[in-house]
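If you want the building blocks of each chain, they are given just below.
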Amino acid sequence: MQSILVIDDEINICTLLSTILGKEGYHVEYSLSGANALKMMKERSFDLVFCDYRLKDKEIDGSMIARKVSEEHPSTSVIIMTGYPDVRIAIQLIKSGISDYVSKPFNAGQLVLLAKKTLMRQQTAAASTPSLPSNFPPAAPAPHPVVKKAPVNTFIYGDSRASKDLHEQIRLIASTDYSVIIMGETGTGKESVAHLIHSQSKRKDKPFIAIDCGCLSRELGSSELFGHEKGAFTGAIAAKTGAFVEANGGTLFLDEIGNLTHDVQTTLLRAIQERLVRAVGSTQEIRVDIRIIVASNEDLQQNVLTGKFREDLYYRLNEFTVNVPPLRERQEDMPLFTQLFKQMVEQELSKTCGDFQEELLEALYRYPWPGNIRELKNVIRRLCLLAGSGEIISCRHLPEEMQEKALAPVAVQEAPFDHNVNLKEASRLAEYNKIISVLQKVRYNKSAAARAMNIDRKTLYNKLQSLNILL
Ligand SMILES: Nc1ncnc2c1ncn2[C@@H]1O[C@H](COP(=O)(O)OP(=O)(O)OP(=O)(O)O)[C@@H](O)[C@H]1O
């Protein structure tokens, strides 16, 4: 019997596909998380995988599953399901070697046909691969072996003071079992920090389950966290395992915790205190052993004061707080982030881009990055996508709305001249005013400014530092 694995964080989709494909005689299993699905594939083999593009374990998405399957289980086909048609995603998916792609909503007939077509193609391909006679000599090594580039590390440890402090905090807290609140603006990497804490902890071989509380509806909040019994409420067509049980032994990460309703906050407090959970509609309590990490970009203490967040839950969770700094406070890390994101995108697109133009790097440096690392990553992705292969990436490839902010000259006042200063001070002031006026003329391009003043870049940097001009 051919077997199919369905990966989707929506239980309804999983049960729907299991029913439809099961009726066609396939053996169907499903997983609500990518991490668990990868584990299932290690334990047994599947002929076909239907995988949702966006999964709740944010670090694993459809294209990552597709890549892993093609590397580790080359005879398994992958069909990606998505409700978000997007060119970038399509490019990624094609590169990761998927068999097909289906947009949600879909109908039963369409899915069955797709599964049959894919499995048939797979069988034909297998049959047409000639098998070698048993006495055939082993193949000689290929003259030009295909060199597989090692994947670029997706997490970057910055060099700035703020980054070093952050990673020291992660190192210290990882070895404990304390609950952690991660605070920081949107896109600063709170979820990445939660992953790091888990991967450096003694629970690292157990599940890491991430739940975005911002997406939980009022009705489904409890069911997502604690599970439900079949028939517990209208639409509960099958029993569901909640995140607490799925994360048993490992770490449960609750993102945007400030969005939980009061009712769910109350049940959550009890579950954390007693380590016992009860699925909606069940009378049975299940003991769980999990570490809780939560994140918020709202000030939770403020929410406690305004009554939006339960005070007792806040103190229960706040055994340790990690503050993730915004990108504008880790400017020294910009070159590292920029370079590594460029390498990652080059790998995603199988493309080699030209260097970043100096003026562009300076514009990136000056931009305030309200969306933090996520925004930087997206901008680099866009720059690499728009620039031709090998073309120098310049300011003209920047999104228009960014050009205005990043290229606007910084308002630097000329220092007023004071007639009482001594000669040394006067020459320092003159130098200061000259450098500022040249920088403004060349739109803060330091190389151009150095050329205009007939000095080298190093001398200009030294002058900027000694005159305390911060760009
Ligand atoms: N240190 C880092 N190195 C590489 N990539 C990073 C780093 N920190 C964050 N990112 C990337 O930036 C993006 C945003 O990170 P993440 O989702 O962890 O942020 P967040 O603070 O949880 O965002 P939100 O508040 O919107 O939930 C992700 O694509 C993540 O991979």
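Residues numbered from 1 in each chain as written. Predicted model: local features only at pLDDT ≥ 70, side-chain atom pairs only at ≥ 80, totals over all residues.

Naming follows an unreviewed UniProt entry, where the protein chain appears as Sigma-54 dependent transcriptional regulator of Chitinophaga rhizophila.

Undergrad: So what's going on with the site of the ligand? Which residues, and what values?
TA: In the vicinity of the ligand there are 18 residues, among which Ile-156, Gly-189, Lys-190, Glu-191 and Arg-374 approach most closely. Residues belonging to the shell around the ligand are distributed by class as follows: 4 nonpolar, 8 polar and 6 charged. Formed jointly, the shell around the ligand draws a minimum of three residues from each of two domains, domain 2 (161-325) and domain 3 (328-407). (Near = placed C-beta within 6 Å. Nonpolar A, V, L, I, M, F, W, Y, C, P; charged D, E, K, R; others polar. Domains from an automatic or database assignment.)

Undergrad: Lay out the environment of Thr-338 in plain terms, naming residues and giving numbers.
TA: Structurally, the position occupied by Thr-338 is in helix 13 (residues 334-349). Sequence spacing of Thr-338 and Val-379 is 41 residues, and the spatial spacing of their C-alpha atoms is 9.6 Å. (Helix = DSSP H or I, 4+ residues; strand = E, 2+ residues; numbered from the N terminus.)

Undergrad: Can you break down the UniProt feature "modified residue: 4-aspartylphosphate" (unreviewed entry) in the protein chain residue by residue, with the values?
TA: The positions that UniProt labels "modified residue: 4-aspartylphosphate" (unreviewed entry) are, in the present scheme, Asp-52. Secondary-structure assignment places Asp-52 in strand 3 (residues 48-52). Judged by the 23 C-beta atoms lying within 10 Å of it, Asp-52 is buried. In this view, Asp-52 contacts Ile-7, Asp-8, Asp-9, Gly-62, Met-81 and Thr-82; residues no more than four positions away in its chain are not counted. (UniProt positions renumbered as here; feature names shortened; annotations may be inferred. Buried ≥ 20, exposed ≤ 12 C-beta atoms within 10 Å, placed from the backbone. Contact = placed C-beta atoms within 7 Å.)

Undergrad: Describe the sheet that holds strand 1 (residues 3-7), naming the residues involved and giving the relevant values.
TA: Strand order in this open sheet of 5 strands is 2-1-3-4-5, and the pairing throughout is parallel. The open sheet is flanked by strand 2 (27-31) and strand 5 (100-103), the only strands paired with a single partner. Each strand axis lies, on average, 20° off the axis of its neighbour in the sheet, ignoring direction. Helix-sheet contacts for helix 3 (residues 62-72) involve strand 1, strand 3 and strand 4 (77-82), and the interaxial angle to strand 4 is about 180°. (Pairing = 2+ DSSP bridges. Axes fitted to C-alpha atoms, helices over the stretch in contact; angles between N-to-C directions.)

Undergrad: Quick one: what's the story with the nonpolar core, residue by residue and with numbers?
TA: Grouped together as the largest cluster of nonpolar side chains are 42 residues, with contacts concentrated most on Ile-182, Phe-244 and Leu-252. Discounting chain neighbours no more than four positions away, the residues touching Ile-182 are Lys-190, Val-193, Ala-194, Ile-293, Ala-295, Val-322 and Val-324. Formed by 31 residues, the second largest nonpolar core is a distinct cluster that contains Leu-5, Val-6, Leu-21 and Leu-55. (Core = buried A, V, L, I, M, F, W, Y, C linked by C-beta atoms within 7 Å.)

Undergrad: I'd love a proper account of the confidence of the model for the protein chain, names of residues and values included.
TA: Averaged over all residues, the pLDDT of the protein chain is 81; the fraction at 70 or higher stands at 84%. pLDDT under 50 marks residues 128-153. Its contacts with residues more than four places away, or in other chains, come to 6 contacts. ipTM for the predicted complex: 0.98, alongside a pTM of 0.59. (pLDDT = per-residue confidence, 0-100.)

Undergrad: Give a description of the packing of helix 13 against helix 15 (residues 372-386) that names residues and reports values.
TA: Look at helix 13 against helix 15: their axes get within 9 Å of each other, and the N-to-C directions meet at 50°. Considered as vectors, helix 13 and helix 15 are oriented oblique to each other. For the pair helix 13 and helix 15, the sense of crossing is right-handed. Here helix 13 contributes Phe-337, Thr-338, Phe-341, Lys-342, Val-345, Glu-346 and Leu-349 to the contact with helix 15, which in turn contributes Ile-373, Leu-376, Lys-377, Ile-380, Arg-381, Cys-384 and Leu-385. Across the contact of helix 13 with helix 15, the residue classes break down as 9 nonpolar, 1 polar and 4 charged. (Parallel < 35°, antiparallel > 145°, perpendicular 65-115°, else oblique. Left-handed = near helix turned anticlockwise from the far one by under 90°.)

Undergrad: Now, about the sheet that holds strand 7 (residues 208-212): what can you tell me, with residues and values included?
TA: Spatially, the 5 strands line up as an open sheet ordered 7-10-13-6-14, and their pairing is parallel. With one partner strand each, in any of the chains shown, strand 7 and strand 14 (320-323) form the two edges of the open sheet. Looking at each pair of strands side by side, their axes are set apart by 20° on average, direction ignored. One ladder, built from 4 bridges, connects strand 6 (residues 180-183) with strand 13 (residues 291-296); its direction is parallel. If you follow Met-183 over to strand 13, its bridge partner there is Ser-296. Against the sheet, helix 7 (residues 190-199) engages strand 6, strand 7, strand 10 (251-255), strand 13 and strand 14, with an angle of about 165° to strand 13.

Undergrad: Help me get a handle on unusual backbone geometry, residues and values and all.
TA: Look at Glu-256: it is not a glycine, yet its phi comes out positive at around 50°. With respect to the helices and strands, the residue Glu-256 is situated in the loop between strand 10 and helix 10 (262-274). According to the C-beta neighbour criterion, Glu-256 is partly exposed, with 19 such atoms within 10 Å. Of note, Ser-350 is a non-glycine position whose phi angle comes to about 45°, a positive value. Its 9 C-beta neighbours within 10 Å are what place Ser-350 among the exposed residues.

Undergrad: Tell me about helix 15, and please be specific about residues and values.
TA: End to end, helix 15 covers 21 Å across 15 residues, agreeing with the expected 21 Å (1.5 Å per residue, within 8%). Inspection of helix 15 places Asn-372, Ile-373, Leu-376, Val-379, Ile-380, Leu-383 and Cys-384 among the buried residues, and these make up the whole buried set. The arc that holds the buried residues of helix 15, viewed along the axis, is 130°, so those residues lie on one side. (Expected span 1.5 Å × (residues − 1). Arc of directions from axis to C-beta.)

Undergrad: Could you give an account of helix 6 (residues 161-174), naming the residues involved and the relevant values?
TA: Here helix 6 is 14 residues long and its end C-alpha atoms lie 20 Å apart, about the 20 Å a rise of 1.5 Å per residue gives. Considered for burial, the residues of helix 6 that qualify are Leu-166, Ile-170 and Ile-173. End-on, the buried residues of helix 6 take up no more than an arc of 80°, which puts them together on one face. Facing away from the buried side of helix 6, by more than 90 degrees, are the exposed residues Arg-161, Glu-168, Arg-171 and Leu-172.

Undergrad: Can you lay out the packing of helix 6 against helix 7 for me, pointing to particular residues and giving the numbers?
TA: Axis separation between helix 6 and helix 7 bottoms out at 8 Å; the angle between their running directions is 40°. One way to sum up the angle between helix 6 and helix 7 is to call them oblique. For helix 6 against helix 7, the interelement crossing comes out right-handed. Taken together, the residues of helix 7 that come into contact with helix 6 (itself represented by Ile-170, Ile-173 and Ala-174) are Val-193, Leu-196 and Ile-197. In terms of residue class, the contact of helix 6 with helix 7 is made up of 6 nonpolar, no polar and no charged.

Undergrad: Outline the pairing of strand 1, supporting the account with residue identities and numerical values.
TA: Across a regular strand the side chains alternate sides, sitting on one face of the sheet and then on the other. With 4 of 5 residues buried, strand 1 is to be regarded as a mostly interior element. With 5 bridges connecting them, strand 1 and strand 2 associate as parallel partners. Paired with Val-6 across the two strands is Tyr-30, which belongs to strand 2. A crossover connection joins strand 1 to the parallel strand 2 through helix 1 (residues 11-23); in handedness this β-α-β unit is right-handed. Looking at chain direction, strand 1 and strand 3 are connected through 4 bridges and run parallel. Of the residues in strand 3, the one forming a bridge with Ile-4 is Leu-48. (Right-handed = clockwise from strand over helix to strand, strands pointing away.)

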